[in-house]
Amino acid sequence: MPPASQTRALGVLVFGACAIGFGPILVRLTEAGPAAAAFWRFLLAVPLITLLLAVSGRGRAGADRRGPDRLLLLAGGFIATDLAFWHYGLKLTSVANATVLSNLTPILVTAFAWFAFREKPRAVFLAGMLLAIGGAALMAVAGDPSRLRPGSDPLRGDLFSAVAAFWYAAYFIAVARARRTRTALNVMLWSTLAALPFLLAFALGLGEDLTPASLAGWGACAGLALMHVAGQGSIAWALGRLPTAVTAVVVLIQPVVAAALGWLMFGETLTPLQALGGAGALAGVALAQLSSTTRTPAKVVAAPQR
C-alpha cells in the first residue's frame, strides 16, 4: 500500500481500538443488569449491522445472504456467556483489571491451536504467555484495599473477567471456522442474533433489572451498540490493509483507554504493582501475538470485538 493509504488505515485502526475502550465505561452507565446491558448492546446493534450488510451487498452478485448454521449458533452462545461474565466482572472490580484480564484471549486461542491442531508456537510465544499470565496475576492480587475501588467483590470480579477470556477464545475459534466460507458481516449478524436469547435468559434467570432507569441509561445502551459496530467494523477494515503484527499491537490501546477513562470518570487508581502487572500482561500478549507461527489464530486474535 502507498504510505498515505497505510497512514489512513492506521488512523482507522487507532479509532476502532479507542472506540472499544469506551465499552467498560458504557456498561457501568447503562443502569441495567450486566447481562441485560449486553442484550441491549446486541439488540440495538442488529439494525446497524443489517444496514451495513445491505449496503455492502448492493450491486454485488456474490453477497453472502445465507442464514445461520450450527457453528454460528455456537458462536452466539459463546459470546453471550463471555459478555455475561465480563459485564459482571466490570460491576465487581476496576475497569482496568476487568479489561486487561479479559484480554488474555490471544494467549488462550494460540494455546488451544497448539494442543488441538498441533500448531506449535515458538519459544518466544511461551515467554510472552508466561509474562502475560504473571502480569495478570499480579494485577489481581496487588490491589490496595485502602484505595478507592468500585465494586463489592474485586477478587471475584477479577476471576469473572479471567473466565470471560476462555469463552471469548471459544467465540474466536468458532468465528475463525465460520469465516472460511462466510463474509465478516454475515458472521457478525448471525452470531449477534444468536446471542440475544442467551443474554435474555441470563438476565431473567439472574433476576436482573432489564431496562435502564433513565434516559441517560438508554443513551449508554445506544452508545454500546454504536461502539460495537464502529469499533469492530473499523478494526476489521484496517485488518485487510495493515500487517497483522501491527494490528495486534495497536489494538492493545483498548485496555489503556479503558483504564484512563476509569480513572477520569470513576476515580479508580492502580497501585504501582498493579500498574506493573498490567503493563506486563499487555506486553506479554503483544509478544505472544507477534511471535505466533500460525496465520489463522494470529489473524483472529488481532481483532478484539468487545
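Higher on the page you've got the structure.
The following paragraphs examine the structure supplied in this document. Counting from 1, residues in each chain are numbered in the order their sequence is written. With pLDDT at 70 or above as the cut-off, local features in this predicted model cover only qualifying residues; side-chain atom pairs require 80 or more to be listed or tallied, and sums for whole chains, interfaces and linings still use all residues. Side-chain metrics in this entry use all non-hydrogen atoms of the structure; hydrogen atoms and water are not considered.

## Considering the nonpolar core
Then step 1. In terms of nonpolar packing, the biggest core is built from 40 residues, with Phe 42, Ile 79, Tyr 171 and Leu 199 touching the most fellow members.
Then step 2. Per the convention used, a helix needs a DSSP run of H or I reaching at least four residues, while a strand needs a run of E reaching at least two, with both numbered from the N terminus. Those elements giving two or more residues to this core turn out to be helix H2 (23-29), helix H3 (34-57), helix H4 (70-92), helix H8 (154-178), helix H9 (184-205) and helix H10 (215-239).
Then step 3. Residue contributions to this core peak at 9 residues, all from H8.
Then step 4. As used here, the term nonpolar core means buried Ala, Val, Leu, Ile, Met, Phe, Trp, Tyr and Cys residues forming a set that is joined through side-chain atoms within 4.5 Å. We call a residue buried when its accessible area falls under 20% of the maximum for its residue type, exposed when it is over 50%, and partly exposed in between, using a 1.4 Å probe and counting protein chains only. Residues Leu 104, Ile 107, Met 129 and Leu 252 belong to the second largest nonpolar core, which totals 12 residues.

## Topic: H4
Then step 1. Expected helix span is given by 1.5 Å per residue-to-residue step, counting one fewer step than there are residues. Along its 23 residues, H4 runs 34 Å from first to last C-alpha, staying within 8% of the 33 Å computed at 1.5 Å per residue.
Then step 2. Identification of polar contacts relies on pairs of N or O atoms within 3.5 Å, with a donor-acceptor requirement for protein atoms, meaning one able to donate a hydrogen and the other able to accept it, and with residues adjacent in sequence counted only if both atoms are side-chain atoms. Measuring from the backbone nitrogen of Leu 71 back to the side-chain oxygen at the start of H4 gives 3.2 Å, which picks out Asp 69 as the cap.

## Considerations on the environment of Pro 197
Then step 1. Counting through the fold element by element, Pro 197 comes out in helix H9.
Then step 2. Given the relative accessible area of 53%, Pro 197 is considered exposed.
Then step 3. Each C-alpha atom, one on Pro 197 and one on Phe 39, is 8.5 Å from the other, the two residues being 158 residues apart in sequence.

## Remarks on the packing of aromatic side chains
How two aromatic rings sit relative to each other is given by the distance of their centres and the angle of their planes.
Then step 1. Note on aromatic contacts: the rings of Phe and Tyr and the six-membered ring of Trp form a pair at centre separations within 6.5 Å, being stacked when their planes are under 30 degrees apart, edge-to-face when over 60 apart, and tilted otherwise. Under the counting rule described, the total for this entry stands at 5 aromatic pairs.
Then step 2. Aromatic side chains Phe 39 and Trp 40 sit 5.3 Å apart centroid to centroid with 75° between the ring planes, which places their arrangement in the edge-to-face category.
Then step 3. Assessed through its relative accessible area of 14%, Phe 39 is described here as buried.
Then step 4. Classification of Trp 40 by relative accessible area gives buried; the value is 16%.

## Digging into the packing of helix H5 (residues 95-102) against H8
Two numbers describe a pair of packed helices, the interaxial angle and the distance between the axes.
Then step 1. Only the stretch in contact is used when a helix axis is fitted, and all axes are lines through C-alpha atoms; the angle between N-to-C directions ranges over 0 to 180 degrees. Remark: H5 packs on H8, axes separated minimally by 7 Å, with the N-to-C direction vectors making an angle of 30°. Compared by their axis directions, H5 and H8 come out roughly parallel. Here H5 runs over H8; the crossing is right-handed. Together, Asn 97, Ala 98, Leu 101 and Ser 102 of H5 and Asp 158, Ser 161, Ala 162, Ala 165 and Tyr 168 of H8 make up the contact between the two elements.
Then step 2. Looking at side-chain class alone, the contact of H5 with H8 contains 5 nonpolar, 3 polar and 1 charged residues. When an angle is under 35 degrees it counts as roughly parallel; over 145 it counts as roughly antiparallel; between 65 and 115 it counts as roughly perpendicular; any other value is oblique. Take the far helix as the reference: if the near one is turned anticlockwise from it by less than a right angle, the crossing is left-handed, and if turned clockwise, right-handed. Contacts are assigned to residue pairs that have any heavy atoms within 4.5 Å of one another. Charged residues are taken to be Asp, Glu, Lys and Arg, nonpolar residues to be Ala, Val, Leu, Ile, Met, Phe, Trp, Tyr, Cys and Pro, and polar residues to be all remaining types, Gly included.

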